[in-house]
Amino acid sequence: MESGKPLLEVRNLNSVFPSNGKIVRAVSDVSFALAEGQILGVVGESGCGKSTLLLSLLRLIRYPGRVESGEMLFREKNIIELSDREMRDLRGKEISMIFQDPLSTLNPAFTVGEQIRESLRLHNIVSSNKLPWPFDGLRRAQEKERVLQIMNEVGIPSPMDRYASYPHQFSGGMQQRTLIAIALACSPALLLADEPTTALDVTIQAQILNLMKRINEDRGTAIILVTHDLGLASEFCDRIAVMYAGRFVEQGTVDEIVENPQHPYTQGLLNCRPRIGERDQTIRPIPGNVPSLANLPNGCAFAPRCSYVKEVCETGPVPMFETDPGHLNRCLITSEYRRQPDWDWGVVVGRERA
Amino acid sequence: MRSIKILERVLATIPIMFGVAIIVFFFIRLTPGDPVDIMMGQGGAISAGELDRLREEFHLNEPLHIQLWYFLRDAARGDLGYSYVLKQPVTSLIAERLPATIELAVGALLFSLVIALPIGVISAVRQNSWLDRLSMSTAFLGISMPGFWLGIILILLFSVQLRWLPVQGRISLGTGFQERTGYFVLDSLLTGNFAALKSSLLHLVLPSITLGAPVAAVIARVLRSSMLETLRSDYVTLARSKGVAESWVVIKHALRNAMIPTITVVGLQVGILLGGNMVIETVFGWPGLGRMVVKAIFDRDFPLIQGTVMIYAFTFVMANLIVDVLYTYLNPRIRMQ
Ligand SMILES: Nc1ncnc2c1ncn2[C@@H]1O[C@H](COP(=O)(O)OP(=O)(O)OP(=O)(O)O)[C@@H](O)[C@H]1O
Ligand SMILES: [Mg+2]
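Anyway, here's the lowdown on the structure attached to this text.

### Describing the site of ligand 1
Residues and elements named next belong to chain A.
Okay, step 1: For ligand 1, the set of nearby residues contains 13 residues, the closest of which are Ser46, Gly47, Ser51, Thr52 and Gln100.
Okay, step 2: Within the side chain of Glu195, one N or O atom sits 2.9 Å away from an oxygen atom of ligand 1.
Okay, step 3: Relative to its unbound accessible area of 630 Å², ligand 1 is 66% covered by the protein chains.
Okay, step 4: Considering every element that reaches the shell around ligand 1, the biggest residue donor is helix α1 (residues 50-57), with three residues.
Okay, step 5: A class-by-class count of the residues in the shell around ligand 1 yields four nonpolar, six polar and three charged.

### Quick look at the coordination of the magnesium ion (ligand 2)
Residues and elements named next belong to chain A.
Okay, step 1: Protein-derived ligands of the magnesium ion (ligand 2) are Ser51 (OG) and Gln100 (OE1), with the metal-ligand distances lying across 1.9 to 2.5 Å. Here Gln100 lies in the loop between β6 (95-98) and α3 (102-105) and Ser51 lies in helix α1, a separation of 49 residues in the sequence.
Okay, step 2: Classification of Ser51 as partly exposed rests on a relative accessible area of 23%.
Okay, step 3: Judged by relative accessible area, Gln100 falls into the partly exposed class, the value being 35%.

### Digging into the sheet that holds strand β7 (residues 190-194) of chain A
Residue and element names in this part refer to chain A.
Okay, step 1: The sheet built from eight strands is open, its strands ordered β6-β7-β8-β3-β9-β10-β12-β11 with mixed pairing. Each edge of the sheet is formed by a strand with only one pairing partner; in this case those strands are β6 and β11 (321-324). Strand-to-strand twist across the sheet, computed as the mean angle between neighbouring axes with direction ignored, equals 20 degrees.
Okay, step 2: Note: β11 against strand β12 (residues 327-329), three bridges, orientation antiparallel. From the neighbouring strand, Glu322 faces β12, where its bridge partner is Leu328.
Okay, step 3: Its contacts with the sheet put helix α12 (residues 332-339) on β11 and β12, and the angle it makes with β11 is roughly 40 degrees.

### Thoughts on the interface of chain A and chain B
Okay, step 1: With 26 residues of chain A at the interface, the matching set in chain B holds 21 residues.
Okay, step 2: Buried surface at the junction of chain A and chain B, both sides included, amounts to about 2,200 Å², of which 59% is carbon and sulfur.
Okay, step 3: In terms of surface lost to chain B, no three residues of chain A exceed Arg62, Pro108 and Glu118 of chain A, which account for 23% of the buried area on that side.
Okay, step 4: At the junction of chain A with chain B, the criterion picks out two salt bridges.

### Topic: the sheet that holds strand β5 (residues 77-78) of chain A
Residue and element names in this part refer to chain A.
Okay, step 1: Strands sit in the order β2-β1-β4-β5 across an open sheet of four strands; the sheet is antiparallel. Among the strands making up the open sheet, the edge pair consists of β2 (22-34) and β5.
Okay, step 2: The sheet contact formed by strand β1 (residues 8-19) and β2 spans nine bridges and is antiparallel. Paired with Glu9 across the strands is Ala33, a residue of β2.

### Side note on the side chain of Asn216 of chain A
All names here are of chain A.
Okay, step 1: With respect to the helices and strands, the residue Asn216 is situated in helix α8 (residues 202-219).
Okay, step 2: For Asn216, the side chain forms a polar contact with the main-chain oxygen of Gly37, separated by 3.0 Å.
Okay, step 3: Setting aside chain neighbours within four positions, we find Asn216 in contact with Gly37, Ile39, Thr221 and Ile223.

### A look at the packing of aromatic side chains
Okay, step 1: Applying the stated criterion across every chain yields a total of nine aromatic pairs over all chains.
Okay, step 2: Aromatic side chains Phe158 of chain B and Trp164 of chain B sit 5.9 Å apart centroid to centroid with 40 degrees between the ring planes, which places their arrangement in the tilted category.
Okay, step 3: Residue classification places Phe158 of chain B among the partly exposed positions, given a relative accessible area of 21%.
Okay, step 4: According to the relative accessible area criterion, Trp164 of chain B is exposed, its value standing at 56%.
Okay, step 5: Here a set of aromatic residues connected by ring pairs shows up, and it is made of Tyr244, Tyr265 and Phe302 of chain A.

### Here's the deal with the pairing of β7 of chain A
All names here are of chain A.
Okay, step 1: For β7, the tally of buried residues reaches five of five residues, placing the bulk of the element in the interior.
Okay, step 2: Of the two faces of β7, the one lined by Leu190, Leu192 and Asp194 and the one lined by Leu191 and Ala193 are each fully buried.
Okay, step 3: Note that β6 and β7 share four bridges and pair parallel. The residue bridging Ser96 from the neighbouring strand is Leu191, located in β7.
Okay, step 4: Summarising the sheet, β7 and strand β8 (residues 222-227) pair through five bridges and their orientation is parallel. In the sheet register, Leu192 faces β8, and the bridge partner there is Ile224.
Okay, step 5: Of the crossover connections in this fold, the one passing from β7 over α8 to the parallel β8 is right-handed.

### Remarks on the environment of Leu202 of chain B
Residues and elements named next belong to chain B.
Okay, step 1: Following the sequence through the fold, Leu202 ends up in helix α9 (residues 194-231).
Okay, step 2: You can call Leu202 partly exposed: its relative accessible area is 31%.
Okay, step 3: When residues no more than four places from it in sequence are discounted, the contact partners of Leu202 are Leu165 and Pro166.

### Notes on the packing of helix α7 (residues 172-184) of chain A against α8 of chain A
Residue and element names in this part refer to chain A.
Okay, step 1: Where α7 meets α8, the axes come as close as 10 Å, and the angle between the chain directions of the two elements is 15 degrees. In terms of orientation, α7 and α8 fall into the roughly parallel class. In terms of crossing hand, the pair formed by α7 and α8 is right-handed. For the pair α7 and α8, contact is made by Gly173, Gln176, Arg177, Ile180 and Leu184 and by Ile204, Gln207, Ile208, Leu211, Met212, Ile215 and Arg219, respectively.
Okay, step 2: Here the residues of the contact of α7 with α8 sort into seven nonpolar, three polar and two charged.

Criteria and thresholds
Per chain, residues are indexed from 1 in the order of the written sequence. All chains are assigned letters beginning at A, and all ligands numbers beginning at 1, according to the order in which they are written. At least 70 in pLDDT is required for a residue's local features to be given in this predicted model, at least 80 for side-chain atom pairs to be given and counted, and no such filter applies to totals for whole chains, interfaces and linings, which use all residues. With hydrogens and water stripped out, all remaining heavy atoms of the structure feed into the side-chain values. Put simply, a residue is near a molecule or strand once any heavy atom of it comes within 4 Å of that molecule or strand. Polar contacts, as counted here, are pairs of nitrogen or oxygen atoms within 3.5 Å of one another; within protein the pair requires one atom able to donate a hydrogen and one able to accept it, and residues that are adjacent in sequence qualify only if both atoms are side-chain atoms. Here the accessible surface of atoms and residues is derived via Shrake-Rupley with a 1.4 Å probe, and residues count as covered only by protein chains that are part of the display. Elements are defined by DSSP. Helices are runs of H or I of four residues or more, strands are runs of E of two residues or more, and each kind is numbered from the N terminus. We call Asp, Glu, Lys and Arg charged. Ala, Val, Leu, Ile, Met, Phe, Trp, Tyr, Cys and Pro are nonpolar, and the rest, Gly among them, are polar. Because no water is among the atoms considered, metal sites can look incomplete, with donors defined as N, O and S atoms within 2.8 Å of the metal, or 3.2 Å for Na, K and Ca. When a residue's accessible area, from a 1.4 Å probe over protein chains only, is under 20% of the maximum for its type it is buried; when over 50% it is exposed; and in between it is partly exposed. The pairing criterion is simple: DSSP has to find at least two bridges between the two strands. A fitted line through C-alpha atoms serves as each axis, taken over the contacting stretch for helices, and the angle formed by two N-to-C directions is quoted from 0 to 180°. Residues are treated as being in contact if the distance between any of their heavy atoms lies within 4.5 Å. Note: buried area is the sum, over both parts, of the accessible area (probe 1.4 Å) each one loses when the two are combined. Salt-bridge detection follows one rule: a side-chain nitrogen of Lys or Arg within 4 Å of a carboxyl oxygen of Asp or Glu. Ring pairs shown here join Phe, Tyr and Trp side chains whose ring centres sit within 6.5 Å, with only the six-membered ring taken for Trp; geometry is labelled stacked below 30 degrees between planes, edge-to-face above 60, and tilted in between. Classification remark: right-handed applies to a crossover when, strands pointing away from the viewer, the course from the first strand over the helix to the second runs clockwise. Roughly parallel refers to an angle under 35 degrees, roughly antiparallel to one over 145, roughly perpendicular to one between 65 and 115, and oblique to any angle outside these ranges. By definition, any crossing whose near helix is turned counterclockwise from its far helix by less than a right angle is left-handed, and any crossing with a clockwise turn is right-handed.

Structure (structure tokens):
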């Protein structure tokens, strides 16, 4: 976008879960950059590694999972090399996360108000006066004041009464707003939103997305929105990355991805989507199944399901091709086709799929 | 609103106690052996008239339902009858012995919590480490080891060999101890007698360890497994994502929730601590209820057995009530209903 360094730059990130002697490659060779205030959508099917990608950014992958290699530069500092102390200062203050399942993510033993206040306290947002309990009355009151403001901001009605409620007393939408309030408490520069609306019904979904959009516009918070819904991502985001079996397979602006999808998987996703107001409403699901992340093929992971597949696809790792400025595509066939549409396709001795 | 709930629970103990009373009453009368015969022994120098007089004095000549009625009527007034053998009111016999039992139970509970809480937490945090394996196999040993055996080993080691700790009883002679409430530690404090305080605490050490070891083992295992679960939960990941330091994540977010199932087990164990220690009381010469009731059973001393069992039941119910109150405090999902 603007000149200068991006807020976050990820290079060749690999995250793995060793399990039963095998290695589940949940994130493979992911690279992207995110500018301040930008919204990136990460779209992919269930189990393709979206949550693992976000958790990698906070170094919160659960043991024995780990970031195997790669760089994650936040404000030009590599997150992987931060000390535990620096990491804690980053979490919640600079980068915060909205989790997938609001009810199980809120701690059942504490009131929602206290859970929001904890973030303020940890990062000394309201006051850095460090008197211990019970001499922190003034600070506590100031923090509570701020929590009420935040609750109001994220649309929790009558915050005063709700401050002392427990998570199970909230509806799903209110729980999600609470999670957003926790994430926003310290005005982070980057918000990681892991399917923030999947658990909610459609009207609440729209409200939550509007809320996040407003936060993005008012505060300039950059967002990575993870979703399995390409339609939702295309309405909400600036750029979209399509993820398949742990890899980004296509990346570009929303317009590029929606108008000019190049990767066969993206094309498949767009075909799967019922488009309202179009005559041809046939839904064509992609044939076949997602490969196991513990046992990925050497070549293109999508090859077994791809209708353009050629022998070359299965011979080795496929790199990302920049087919148009800012538009990346991890497909040998369609990238090559784009470069020279009048190429003799018979040259590639194809093993056409039946 | 909360206190009304507690009051309700206290009132609910009345029918429970009533039921317990009826059950003990019949069960001890089902055991073979006649109290008067046993009391007179094999001497044979007693006339039939004398036996009848005793039976009459104890109401044993009356039909069962009349005996039951007398027992319930008196119990409702707080009178648990007269011990056949000791010829004293059951209530005062119990009042004399109960503090010793409770003091030992509290000692054992404290010991088990002090041991089990850190072990349970650390074993979960360092799952499968050598520390985890060591403490869990020790816990297994603690559960399967008979109490008297552990007691004897401890006495041999710490009292006989090392001479660090006393062998028997609740306090040494010559400390100038004055009894007030029957709780020796408390009494020593009340009278400001530090020699007695030291002596009574030292006397508590080995019996508390012996009684508390299996309890500690149970609590540690339950706590470990519920900690493993809470440490895997999403709210723990949320806490980390906020920037909470790892030690606080464990103590504040994971342990707090892991205590909920643990508290229930602690409550059950308290009942066991109060009731199941007659063997250990015997090993350590501890003058508690356990030894008294065993003797009463051999003597077929009906009123004393009945009274003691009632007291056991009552303390058990109360321990559970306290656990429930704690439980609601820890678990807001229950508090609201
Ligand atoms: N703790 C774990 N241990 C072992 N494997 C894991 C673990 N967490 C995730 N995985 C594996 O990593 C892969 C990616 O999981 P991830 O949760 O990132 O997917 P996702 O795209 O977020 O899916 P969803 O849309 O269902 O949330 C999955 O195949 C999953 O089986
Ligand atoms: Mg996920």
